[in-house]
Amino acid sequence: MLAVHKQSTRGCCSTLSTMGSHGLVNTERFETESSGVNHTEGGWPKDVDPNEMEQTIRFRKKVEKDEGFMNSIPQLGNIMVHCIQQNNALDIYQEYCTEEDDGDSAEPPSAKTINVFRDPNEVKRTVTCLSWHPDGGKKLAGAYSSLHFQTSHTSLCQDSYIWDIENPNRPELTLKPVSPLVCIEYNPKDPHTLVGGTYSGQIAYWDTRRGSQPVELSSVEHSHRDPVYKIIWLQSKTGTDAFSASTDGQVLWWDVRKLSEPTERLVLDPGREGNLERALGAICLEYEPTMPTKFMVGTEQGVVLSCNRKAKTPAEKLVCTYEGHHGPVHALHRNPFFPKNFLTAGDWAARIWSEDIRDSAIMWTRYQMSYLTDACWSPVRPSVFFTAKMDGVLDVWDILFKQNDPTLSVKVCDEPLYCLRVQDSGRLVACGSQGGSATLLEFCSGLSTLQKNDKTLLAAVSSADRKDVLSFNFYLNLVSDGLDAYNVQQLMTRAEDDFYSVVEAELRRRDEQPQVTEHIKGLE
Amino acid sequence: MIQSQKGVQGVVIANSEGIPIKSTLDNSSTVQYAGLIHQLLLKARSTVRDIDPQNDLTFLRVRSKKNEIMIAPDKDYFLIVIQNPSD
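Each chain carries its own residue numbering, running from 1 in the direction its sequence is written. Naming scheme: in the order in which they are written, chains are lettered from A and ligands are numbered from 1. For a predicted model such as this one, the threshold for reporting local features is a pLDDT of at least 70, and the threshold for listing and counting side-chain atom pairs is 80 or more; totals across whole chains, interfaces and linings nevertheless cover every residue. Remark: hydrogens and water are excluded; side-chain values derive from all non-hydrogen atoms of the structure.

(A) Region of the structure containing helix H1 (residues 27–51) of chain B. Residues and elements named next belong to chain B. In this model, H1 (25 residues) spans 36 Å end to end at C-alpha, consistent with the 36 Å of a helix rising 1.5 Å per residue. Type-normalised accessible area, obtained with a 1.4 Å probe on protein chains alone, sets the label of each residue: buried when under 20%, exposed when over 50%, and partly exposed for intermediate values. Numbering of helices and strands runs from the N terminus; a helix is a DSSP stretch of H or I covering at least four residues, while a strand is a stretch of E covering at least two. Thr30, Val31, Ala34, Gly35, Ile37, His38, Leu41 and Ala44 are the residues of H1 that are buried. Contact criterion: two residues are considered in contact whenever any of their non-hydrogen atoms come within 4.5 Å of each other. Close packing links the buried residues of H1 with strand S1 (8–15), strand S2 (20–23), strand S3 (60–63), strand S4 (68–73) and strand S5 (77–83). Helix span, as expected, comes to 1.5 Å for every residue beyond the first.

What follows is the structure in structure tokens.
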């Protein structure tokens with residue numbers, strides 16, 4: 001039996017196009033190999049065997065006697081001698097002008113933003129303080145808190161961060177204090193440890209190797225009663241001492257190994273009685289490791305106090321005061337090259353003081369359009385300092401170049417800038433804003449390399465006699481005001497002219513008018 | 001004659017086939033210079049001729065870190081001088 005399978009054709013399609021084929025073509029691999037060429041003697045005529053010395057010598061001698069040879073070689077020789085002598089006469093590859101690096105003075109000062117480190121939280125807090133990692137400045141610690149009076153703190157994240165400057169996407173380490181940090185500082189002796197002052201007045205101590213929680217925390221009873229605005233590490237044998245300042249009027253000294261109680265206490269009472277009621281609120285501190293017994297405090301009331309830690313009685317601890325600011329002194333920094341001079345920033349101007357002259361500052365900037373929030377000297381150029389303002393502008397001042405205006409103004413962001421820190425190389429500056437972003441700026445080499453005459457010129461300026469300095473500055477301000485006054489005078493004369501011309505026009509019009517009214521009356 | 005000039009390290013005379021005729025250097029260096037420079041000379045000459053057929057190579061200087069190799073070509077022979085300039 002045969003089984004027949006019926007095969008039904010179901011789908012059948014046909015195309016009306018030329019048959020083509022689709023395929024991939026790959027070119028043949030062409031293998032290349034680089035190799036040197038072996039040079040062996042070649043070109044010898046058939047009858048001469050290169051290895052036979054006799055034959056080669058005979059061949060050579062034959063060639064030498066050839067006429068062509070005798071003619072051409074001297075000619076070639078002449079050309080050659082000419083070139084050889086050329087070479088001997090002048091070295092064409094000699095460096096004639098060694099590159100002198102004075103192009104900096106020609107190029108205008110500039111800055112560029114390298115990175116912006118934003119607060120990762122939803123509710124942005126202000127960057128109130130920044131601190132550079134002491135070893136090379138590759139990390140930046142930022143203290144984040146909200147300084148507005150009595151904002152609700154429960155919704156506000158309390159963390160502060162340490163950033164690696166190469167990675168702005170995520171902070172390298174989160175620091176979790178009990179209360180938001182207002183100030184933070186790396187230990188210059190031990191880059192793994194940091195100390196921070198909180199909004200609640202306590203001091204916390206971290207070790208980055210031990211995680212986000214503070215290793216030590218000061219007790220509430222013995223800490224400040226107001227936010228700690230500034231904390232600085234001290235130069236000591238153990239490397240564990242720091243001191244902090246707050247608007248509660250006290251300066252406290254701590255040993256970070258035992259933060260339960262401060263080691264020393266100073267009340268900033270200008271009456272020198274230790275009366276806390278009359279104490280001035282401190283908002284910044286200045287300490288120079290080369291002068292370990294002296295320190296300075298900037299207060300809310302606009303007064304800068306110079307203090308001596310080693311004085312016998314508390315009354316003698318407050319050595320002298322420098323008055324001149326109309327508002328809180330937000331920044332206080334000694335010039336790293338001329339420690340007798342220090343810079344203060346407060347209200348709308350920055351002032352430079354000399355320690356010996358107590359009546360007034362020796363130099364001050366013009367009043368700016370907005371409030372100054374921080375200032376610091378450049379660690380590499382003695383005449384350059386940076387200021388941060390409430391309009392989000394960072395100014396670079398070079399007092400040897402221009403006293404009345406900043407050498408460079410950089411608009412960093414639209415929010416107020418709150419703090420500023422220069423890295424030790426002098427090129428990078430980190431500034432923190434109210435919106436929680438810390439911006440890293442790099443300055444051009446003209447502003448960050450020491451120029452030859454800087455120190456001598458600045459020494460001349462800073463060592464000037466007191467009266468001369470004050471009168472010079474007065475004159476300088478007068479001249480600049482005078483220029484403004486001149487403009488004002490011009491404006492005034494122009495206004496007067498305008499006024500008189502308008503008055504005259506009106507009078508003329510009035511003279512013409514009676515004729516018109518008479519004319520109207522006539523019509524009636 | 002050429003050898004007495006300042007800085008001259010060696011002189012090689014070779015024919016148009018690259019066979020060294022006369023030399024002040026040792027045998028192996030002579031052979032090397034003659035062979036290699038012959039090739040370079042042919043290439044340089046053809047380059048000049050290709051760019052402009054009316055032109056011809058008159059002189060070739062190869063400046064290296066250590067010295068300078070100067071080649072004066074001719075119809076049948078070429079002269080190679082190795083000089084150390086800027087003593």
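(B) Spatial organisation of the sheet that holds strand S3 (residues 139–145) of chain A. Residue and element names in this part refer to chain A. Here 4 strands make up an open sheet; going across it, the order is S2-S3-S4-S5 and the pairing antiparallel. Across the chains shown, the open sheet's two edge strands, defined by having one partner strand only, are strand S2 (126–132) and strand S5 (173–175). Averaged over all neighbouring strand pairs, the angle between strand axes comes to 25°, with direction disregarded. Relative to S3, S2 runs antiparallel, the two being bridged by 6 bridges. Considered in S3, the bridge of Ser131 is made with Ala141. Pairing between two strands is assigned when DSSP locates at least 2 bridges connecting them. Comment: axis = line fitted to C-alpha atoms, over the contacting stretch for helices; angle = value between 0 and 180 degrees taken between N-to-C directions.

(C) Here's a closer look at the pattern of salt bridges. Residue and element names in this part refer to chain A. By convention in these notes, a salt bridge is any Lys or Arg side-chain nitrogen within 4 Å of a carboxyl oxygen on Asp or Glu. Tallied over the entire structure, the rule returns 23 salt bridges over all chains. Arg334 is the partner of Glu355 in a salt bridge, and the nearest nitrogen-oxygen pair spans 2.6 Å. Pair noted here: Glu355 is in the loop between strand S20 (349–354) and strand S21 (363–364) and Arg334 is in strand S18 (residues 329–334), with a separation of 21 residues, a long-range link. The buried category is assigned to Arg334, whose relative accessible area is 2%. Between Lys389 and Asp395 there is a salt bridge whose closest N-O contact spans 2.8 Å. Owing to a relative accessible area of 1%, Asp395 belongs among the buried residues under this scheme.

(D) The pairing of S3(B), seen in detail. Residue and element names in this part refer to chain B. Pairing analysis gives 4 bridges linking S3 to S4, with the strands arranged antiparallel. Residue pairing for S4: Leu60 is matched across the bridge by Ile71. In this structure, the hairpin formed by S3 and S4 is closed by a connection of 4 residues.

(E) Broad picture of the confidence of the model for chain B. Scored from 0 to 100, pLDDT reflects the predictor's confidence in each residue. Averaged over every residue, the pLDDT of chain B is 85; residues scoring 70 or more account for 95%. As scored by the predictor, the complex reaches a pTM of 0.59 and an ipTM of 0.76.

(F) Quick peek at the packing of aromatic side chains. Residue and element names in this part refer to chain A. Stacked, edge-to-face and tilted are the three classes for Phe, Tyr and Trp ring pairs, Trp counted by its six-membered ring, which pair at centre distances within 6.5 Å; planes under 30 degrees apart are stacked, over 60 edge-to-face, the rest tilted. Scanning the entire structure with this criterion turns up 16 aromatic pairs over all chains. Ring centres of Phe243 and Trp253 lie 5.7 Å apart, and the angle between their planes is 15°; on these two criteria the pair is classed as stacked. Residue Phe243 is found in strand S11 (residues 241–246), and its partner Trp253 is found in strand S12 (residues 250–255); the two are separated by 10 residues along the sequence. The class for Phe243 is buried, based on a relative accessible area of 0%. With a centroid separation of 5.5 Å and an interplanar angle of 65°, the aromatic rings of Phe499 and Tyr500 are classed as edge-to-face. One aromatic cluster is present, formed by Phe117, Tyr144, Tyr161 and Trp163 through successive ring pairs.

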